[in-house]
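Structure at a glance
Below, each chain spelled out in residue letters.
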Amino acid sequence: MALWSGRFEEGVSAFAHRFGASLPVDKALYAQDIQGSKAHAAMLAKAGVISSEDADAITAGLDGIEKDIRAGRFSFDINDEDIHMSIERELIARIGDAGARLHTGRSRNDQVATDTRLYMKERAGDLMAANLSLREALLAQAEAHKDVIMPGYTHMQHAQPVLFAHHLLAYTWMFARDFQRLAAARAAADANPLGSAALAGTTYPLDRTQTTEALGFAQAIPNSLDAVSDRDFLLDLMYAASVSCLHLSRLCEEIILWSTSEFGFITLSDAYSTGSSIMPQKKNPDFAELIRGKSGRVVGDLMALMMTLKSLPLAYNKDMQEDKEGAIDAADTLEDCCRCMAGMLQTMTVHPEAMLAQAKKGYLAATDVADYLAKRGVPFRKAHEIVGHLVLLCDKRGCDLDDLTLEDFQTESAVFEADIVDALDLRAIVDARTTYGGTATSAVEQQLAEAQAAFKADGARAVR
Ligand code: ARG
């Protein structure tokens, strides 16, 4: 019989019990459940609600249960509805009445909120660490390829040459913002619901400050109804995870493209590739595709909880039991994806010649030729049109801008002189973009230093 069975004459149907149970999911929270119960028992004893002998017995009993669960010796009973019931029932079986006093002034409603917050605070910290290892891998590749020129794209068409390091650093800034979102999600979880009981608080003289400090929460939640009903911290974490997964999926897409024979910009290591069961030649970027695919599931987890919480009245409703599965999945998935991506980046081979060869195609110097004219007094719109004609000429001849003669240039504008060849040099084009945040080697070096500094500063935050 369940621990709440007093007012019932019959047990719940076997199917309904299984349908209603959350133990398979929430047993992941066993350590936090025990941590919360120990803090609650110590506080009850200090407030004189239970004896210190009972509190000691509870602590020792819970420690024993924790050890057994950790060692895989604890046999979870399918008749228990959730991890809270499972541990409490076992505690009572082991220590008797003292164990039956633990739930004084407490409800599973504040208990589950407390456990989930403790768990997600920790997971947010893990995800911040995973985010850092991913950024470390990107920073190392950027540092190692500071002089590599690649075509920059808009609309997936060749646009202007950029440094490969510049391209990689763009991702480190995306992931740096993800880190801030994860830190904010951790802060959102960092508040104590314990002592709110079922919904209204309790008549026992509970000291919520004591449990707040014992559990390492930043503050006690000021409203008992809000304390048991709030799952925003899970939405925050899943939103942070979703955005990070979207960023990962964009990087995956580029990695997949770059490793095609059409691009050939990179080769993934064997450690992060798979073969085909029928085509002997195949080397597939499976893991990049899988991360790209998993990003959909993480966004789905966020959407699912948003829909679950929509229109829910205060305070606790059983709907909320649906909160943990997706949140745990989102955290686990993002952590694995970061880890996989970091390994893939660390071990990939970059092909600078292939990038440069592509950068030479598609008139990447066109903007700079127009700028050449504009800097010599031709209004930019006119200059744009002149270069447009030159590109058309190249198109017809099947050549590139640097194949044109000075006479070809001068047919379109008398402003062109012999030094136009300088405007066609890819390295010069890249290195002329010295504006803050631009792709010039000097600007990228400064940017790299800033990204490394942000990485260091976040590293100091992650451990706290
Ligand atoms: N297993 C429940 C959950 O995860 C715990 C809280 C249940 N509270 C209740 N009054 N039924 O949400």
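It should be noted that the structure appears before, not after, this text.
Residues numbered from 1 in each chain as written. Predicted model: local features only at pLDDT ≥ 70, side-chain atom pairs only at ≥ 80, totals over all residues. Heavy atoms only, no water.

This next bit is on the state of the cysteines. Inspection of every chain in the model, using the stated rule, returns zero disulfides. No disulfide involves Cys338; its sulfur sits 7.1 Å from that of Cys337, the nearest cysteine. Considering cysteine sulfurs only, Cys394 is the nearest to Cys399, which forms no disulfide, with 4.0 Å between them. Taking relative accessible area as the criterion, Cys399 reaches 19% and is therefore assigned buried. (Disulfide = S-S within 2.5 Å. Buried < 20%, exposed > 50% of the residue type's maximum accessible area, 1.4 Å probe, protein only.)

As defined by bridge partners, strand β1 (residues 149-154) adjoins strand β2 (residues 157-163) across six bridges and the pair is classed as antiparallel. Looking at β2, one finds that Pro151 is bridged to Pro161. The antiparallel pairing of β1 with β2 creates a hairpin that spans two residues between the two strands, and His155 there sits at a positive phi of about 55°. (Pairing = 2+ DSSP bridges. Helix = DSSP H or I, 4+ residues; strand = E, 2+ residues; numbered from the N terminus.)

Note that Asp230 resides in the loop between α10 (224-229) and α11 (232-258). Residue Asp230 is classed as buried on the basis of its relative accessible area, which comes to 13%. At 2.8 Å, the side chain of Asp230 forms a polar contact with the side chain of Arg117. (Polar contact = N/O pair within 3.5 Å; in protein donor to acceptor, adjacent residues only side chain to side chain.)

What follows deals with the packing of aromatic side chains. Inspection of every chain in the model, using the stated rule, returns nine aromatic pairs. Ring geometry for Phe15 and Phe19: centres 6.0 Å apart, planes at 20°, overall stacked. Taken as a pair, Phe15 and Phe19 lie in helix α1 (residues 14-20) at a separation of four residues, close to a single helical turn. Accessibility assignment for this pair places Phe15 and Phe19 in one class, exposed. Measuring from centroid to centroid gives 5.2 Å for Phe263 and Phe265, while their planes differ by 80°, and the two rings are edge-to-face. Each member of the pair, Phe263 as well as Phe265, carries the same accessibility label: buried. An aromatic cluster of three or more residues is present, and its members are Tyr153, Phe263 and Phe265. When the ring centre of Phe8 is taken as origin, the NZ or CZ atom of Arg7, which lies over that ring, is 5.6 Å away. Above the plane of the ring of Tyr372 lies Arg376, whose end atom (NZ or CZ) is 3.6 Å from the centre. (Phe/Tyr/Trp six-rings, centres within 6.5 Å; stacked < 30°, edge-to-face > 60°. Lys NZ or Arg CZ within 6 Å of the ring centre and 35° of its normal.)

Another point: α11. Compared with the 39 Å implied by 1.5 Å per residue over 27 residues, the 39 Å span of α11 between its first and last C-alpha is a close match. For α11, a buried count of 20 out of 27 residues is recorded, marking the element as mostly surrounded by other parts of the structure. (Expected span 1.5 Å × (residues − 1).)

A few words on the packing of α11 against helix α12 (residues 286-309). Two elements in contact, α11 and α12, have axes whose closest approach is 8 Å; the angle formed by their N-to-C orientations is 155°. Here α11 is positioned roughly antiparallel relative to α12, judged by the angle of their axes. Note that α11 runs across α12; the crossing there is left-handed. Of the residues that constitute the contact of α11 with α12, the class distribution is 19 nonpolar, three polar and four charged. (Axes fitted to C-alpha atoms, helices over the stretch in contact; angles between N-to-C directions. Parallel < 35°, antiparallel > 145°, perpendicular 65-115°, else oblique. Left-handed = near helix turned anticlockwise from the far one by under 90°. Nonpolar A, V, L, I, M, F, W, Y, C, P; charged D, E, K, R; others polar.)

Time to look at the site of the ligand. Looking at the ligand, the residues that line it are Ser22, Asp26, Asp82, His84, Arg108, Asn109, Val112, Tyr316, Gln321 and Lys324. In this structure, Ser22 approaches the ligand through a side-chain N or O atom, which is 3.1 Å from a nitrogen atom. The separation between a nitrogen atom of the ligand and a polar side-chain atom of Asn109 is 3.0 Å. With the chains in place, 86% of the 340 Å² that the ligand exposes on its own is no longer accessible. Here the shell around the ligand takes three residues from helix α7 (residues 108-144), the largest share from any one element. Of the residues in the shell around the ligand, the class split is two nonpolar, four polar and four charged. (Near = heavy atom within 4 Å. Areas by Shrake-Rupley, 256 points an atom, 1.4 Å probe, with all protein chains shown as cover.)

What follows deals with empty space enclosed by the protein. Considering all chains together, one arrives at one cavity of 30 Å³ or more under this definition. By volume, the largest cavity amounts to about 30 Å³. For the largest cavity, the full set of lining residues is Arg135, Leu139, Thr172, Ala451, Ala454 and Phe455. Sorting elements by how many residues they give to the lining of the largest cavity places helix α20 (residues 441-462) first, with three residues. (1 Å grid on protein atoms, 1.4 Å probe; cavity = no way out; pocket = protein on both sides within 12 Å on 5 of 7 lines; lining within 4 Å. Points joined across faces, edges and corners; volume = space filled by probe spheres on them.)

Moving on to unusual backbone geometry. Most of the time, phi is negative for any residue but glycine, and the peptide bond is trans. Look at the link from Leu314 to Ala315: it is a cis peptide, with omega at 0°. A positive phi angle, near 55°, is found at His155, a position not held by glycine. Mapped onto the elements of the fold, His155 is located in the loop between β1 and β2. Taking the relative accessible area as the measure of exposure, His155 reaches 76% and is therefore exposed. With a phi close to 55°, Tyr363 is a non-glycine residue in the positive phi region.

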